[in-house]
Amino acid sequence: VPEDQADKLLLASWGLPRAVLEKYHSLGVVQMFEWQAECLMLGQVLEGKNLVYSAPTSAGKTLVAELLILKRVLETRKKALLILPFVSVAKEKKCYLQ
């Protein structure tokens, strides 16, 4: 992330509603890793273009997907489909995202 865009590491810089930010903050998530912010700033990802990224388990891939989904749903007022690999993860995310 370029030095002049260091604020992009903060979740509060992405135009998310206060309730969403408070939920992330309650879970200890206040800012992203540089690679996560870079993913969100690539090309036209925030306008709905495709993004393929890879990272090790527990590196934070889900946060990137959640932020992209949340921003698109809130901005377009359309529904989104989130596909998860396990029922347990799906149940966890259902409770979390409600």
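Conventions we followed
- Residues numbered from 1 in each chain as written.
- Predicted model: local features only at pLDDT ≥ 70, side-chain atom pairs only at ≥ 80, totals over all residues.
- Heavy atoms only, no water.
- Axes fitted to C-alpha atoms, helices over the stretch in contact; angles between N-to-C directions.
- Helix = DSSP H or I, 4+ residues; strand = E, 2+ residues; numbered from the N terminus.
- Left-handed = near helix turned anticlockwise from the far one by under 90°.
- Contact = heavy atoms within 4.5 Å.
- Nonpolar A, V, L, I, M, F, W, Y, C, P; charged D, E, K, R; others polar.
- UniProt positions renumbered as here; feature names shortened; annotations may be inferred.
- Core = buried A, V, L, I, M, F, W, Y, C linked by side-chain atoms within 4.5 Å.
- Buried < 20%, exposed > 50% of the residue type's maximum accessible area, 1.4 Å probe, protein only.
- Salt bridge = Lys/Arg side-chain N within 4 Å of Asp/Glu carboxyl O.

- The chain has the name DPOLQ polymerase in an unreviewed UniProt entry, where Ptilonorhynchus violaceus is given as its organism.

1. Examining the packing of helix H2 (residues 34-41) against helix H3 (residues 61-76)
- For the pair H2 and H3, interaxial distance at closest approach is 10 Å and the crossing angle is 35°. Relative to H3, the crossing made by H2 is right-handed. Contact residues: Trp35, Gln36, Cys39 and Leu40 in H2; Lys61, Leu63, Val64, Leu67 and Leu68 in H3.
- Classifying every residue of the contact of H2 with H3 by side-chain character gives seven nonpolar, one polar and one charged.

2. Section: the UniProt feature "domain: DEAD/DEAH-box helicase" (unreviewed entry) in the chain
- Summarizing the sequence annotation, UniProt attributes the feature "domain: DEAD/DEAH-box helicase" (unreviewed entry) to residues 43-92 in the numbering used throughout.
- The span residues 43-92 carries 44% helix and 0% strand; its end-to-end C-alpha distance comes to 31 Å.

3. Some words on the side chain of lysine 71
- By the secondary structure assignment, lysine 71 is in helix H3.
- Residues in contact with lysine 71, not counting those within four places in the same chain, are Trp14, Leu16 and Leu46.

4. A closer look at the nonpolar core
- Counting residues in each nonpolar core, the largest one holds 18 residues, and the members touching the most others are Leu11, Leu16, Tyr24, Met32, Leu40 and Leu67.
- Residue assignment for this core shows that the elements contributing at least two residues are helix H1 (18-26), H2 and H3.
- Residue contributions to this core peak at five residues, all from H3.
- Among residues more than four places away in sequence, those in contact with methionine 32 are Lys8, Leu9, Leu11, Trp14, Ala37, Leu40, Leu63 and Leu67.

5. Describing the pattern of salt bridges
- One pass over the full model with this rule turns up two salt bridges.
- With its nearest N and O atoms 2.5 Å apart, the salt bridge here joins glutamate 66 to lysine 93. Taken together, the residues span a long stretch of sequence, with glutamate 66 in helix H3 and lysine 93 in helix H4 (residues 87-97) at a distance of 27 residues. Taken as a pair, glutamate 66 and lysine 93 share a single burial class, namely buried.
- Note that lysine 71 and glutamate 75 form a salt bridge whose closest N and O atoms lie 3.0 Å from each other. Of this pair, lysine 71 and glutamate 75 are both found in helix H3, four residues apart, which corresponds to roughly one turn of the helix.
- Residue lysine 71 is classed as buried on the basis of its relative accessible area of 12%.

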